[in-house]
Amino acid sequence: MLNLIRSDLYKVFHMKSFWICGIIPALSAFMVILTAEENAVMYIEEIVGFSGSPFLTLLTSVFIAFFIGSEYKRGYIKNIAGNLPDRAMLFVSKMVIILIVNLIYFAVLFIFSLAVDSIFFEVIFDGSTVNTCIIQGLLLLFLNYAVCLVVAMISVGSQGNSGASVTMAVLISAGIMSQVAQM
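A quick note: this is a predicted structure, and the numbers were derived from the prediction, not measured. (Residues numbered from 1 in each chain as written. Predicted model: local features only at pLDDT ≥ 70, side-chain atom pairs only at ≥ 80, totals over all residues. Heavy atoms only, no water.)

S.K.: Report on the overall build of the protein chain, specifying residues and quantitative values.
M.R.: Counting its secondary structure elements, the protein chain contains nine helices and two strands. Along the protein chain, helices (α) and strands (β) appear in the sequence α-α-α-β-α-α-α-α-β-α-α when read from the amino end. Relative to its 183 residues, the protein chain shows a buried fraction of 42%. In the protein chain, the proportion of contacts linking residues at least 24 apart, taken out of those at least 6 apart, comes to 90%. Roughly 10000 Å² of accessible area belongs to the protein chain as shown, and the carbon and sulfur atoms make up 70% of that amount. (Helix = DSSP H or I, 4+ residues; strand = E, 2+ residues; numbered from the N terminus. Buried < 20%, exposed > 50% of the residue type's maximum accessible area, 1.4 Å probe, protein only. Contact = heavy atoms within 4.5 Å. Areas by Shrake-Rupley, 256 points an atom, 1.4 Å probe, with all protein chains shown as cover.)

Right, here's the structure in full:
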């Protein structure tokens, strides 16, 4: 099982779409500068909320659709599934990879947002808001993870059809997470 997760991590870190979808959130942190007022005050809760925004869900779900679709196109699933005693290990490995990718993208977006906002704005951080920020961040990570699992299920069901997987990823992540963000 660990060898399967390790090989999936190797594939993830060597995919161009992982790096492209990882750079876009870092660049989006600079977009906050354009939309904010000159002497704005940023609260740490806003930075955590931006880090787990529907934009993160969109990028993560699109990457997951590409990642799962690429395995079917290159014949990897057929080769590795014959060597495993249980095929459920394939999906468990994908679940772990989705969690790792969500954590990486969330951390990248949070670090870049915090750095950019600290440079250009005043960031307010109270000691009493630590619990609130942790709960908010974990809740957003859980919601992003759930949406990405749905996208992974659809990608496995479409068996390598990247167009259908990415289209469904965009529709699901934009629809579900925008409703959650409005609440």
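S.K.: Lay out the environment of glycine 69 in plain terms, naming residues and giving numbers.
M.R.: Of note, glycine 69 is situated in helix α5 (residues 54-73). Classification of glycine 69 by relative accessible area gives buried; the value is 0%. The spacing of glycine 69 and serine 158 is 89 residues in sequence and 8.4 Å in space, taken between C-alpha atoms.

S.K.: So, the packing of helix α1 (residues 2-13) against helix α7 (residues 88-120): which residues are in play, and what are the values?
M.R.: Where α1 contacts α7, the axes come no closer than 9 Å and their chain directions differ by 45 degrees. In terms of their interaxial angle, α1 and α7 are classed as oblique. α1 and α7 meet at a crossing whose hand is right-handed. For the pair α1 and α7, the contacting residues are Leu4, Ile5, Asp8, Leu9, Val12 and Phe13 in the first and Met89, Leu90, Ser93, Lys94, Val96, Ile97, Ile100, Val101 and Ile104 in the second. (Axes fitted to C-alpha atoms, helices over the stretch in contact; angles between N-to-C directions. Parallel < 35°, antiparallel > 145°, perpendicular 65-115°, else oblique. Left-handed = near helix turned anticlockwise from the far one by under 90°.)

S.K.: Give a detailed account of the packing of aromatic side chains, specifying residues and quantitative values.
M.R.: Applying the stated criterion across every chain, the model contains six aromatic pairs. Residues phenylalanine 18 and tyrosine 105 carry aromatic rings whose centres are separated by 5.5 Å and whose planes lie at 20 degrees to one another, so their mutual orientation is stacked. With phenylalanine 18 in helix α2 (residues 16-28) and tyrosine 105 in helix α7, this pair connects stretches of sequence that are 87 residues apart. For the pair formed by phenylalanine 18 and tyrosine 105, the shared burial category is buried. (Phe/Tyr/Trp six-rings, centres within 6.5 Å; stacked < 30°, edge-to-face > 60°.)

S.K.: Describe in detail the confidence of the model for the protein chain, supporting the description with residues and values.
M.R.: Mean pLDDT over the protein chain: 77, with 76% of residues reaching 70 or higher. Confidence, expressed as mean pLDDT per element, reaches its minimum in the protein chain at helix α6 (residues 76-81) with 56 and its maximum at α7 with 85. (pLDDT = per-residue confidence, 0-100.)

S.K.: Tell me about the pattern of salt bridges, residues and numbers included.
M.R.: Applying the stated criterion across every chain yields a total of two salt bridges. With a shortest N-O distance of 3.1 Å, lysine 11 and aspartate 8 are connected by a salt bridge. Placement of the pair is lysine 11 and aspartate 8 together in helix α1, with a separation of three residues, close to one helical turn. A salt bridge links lysine 94 to aspartate 8, with the nearest nitrogen and oxygen atoms 2.9 Å apart. Taken as a pair, lysine 94 in helix α7 and aspartate 8 in helix α1 lie far apart in primary sequence, 86 residues in all. In this structure lysine 94 comes out as buried when scored by relative accessible area, which is 6%. (Salt bridge = Lys/Arg side-chain N within 4 Å of Asp/Glu carboxyl O.)

S.K.: Lay out the side chain of serine 61 in plain terms, naming residues and giving numbers.
M.R.: Positionally, serine 61 belongs in helix α5. Given a relative accessible area of 0%, serine 61 falls into the buried group. A distance of 2.8 Å separates a polar atom in the side chain of serine 61 from the backbone oxygen of threonine 57. A polar contact of 3.1 Å, which involves the side chain of serine 61, links it to the backbone oxygen of leucine 58. (Polar contact = N/O pair within 3.5 Å; in protein donor to acceptor, adjacent residues only side chain to side chain.)

S.K.: Outline a nonpolar patch on the surface, supporting the account with residue identities and numerical values.
M.R.: Nonpolar side chains collect at one region of the surface, where Phe13, Trp19, Ile23, Leu27, Phe30, Ile111, Phe112, Ile119 and Phe120 lie side by side and expose about 940 Å² of accessible area between them. Mapped by element, the contributors of at least two residues to the nonpolar patch are α2 and α7. With four residues, the single largest contributor to the nonpolar patch is α7. Within the fold, tryptophan 19 resides in helix α2. The class of tryptophan 19 is partly exposed, set by a relative accessible area of 48%. (Patch = residues over 30% accessible without salt bridge, like charges linked within 9 Å, V, L, I, M, F, W, Y side chains within 5 Å.)

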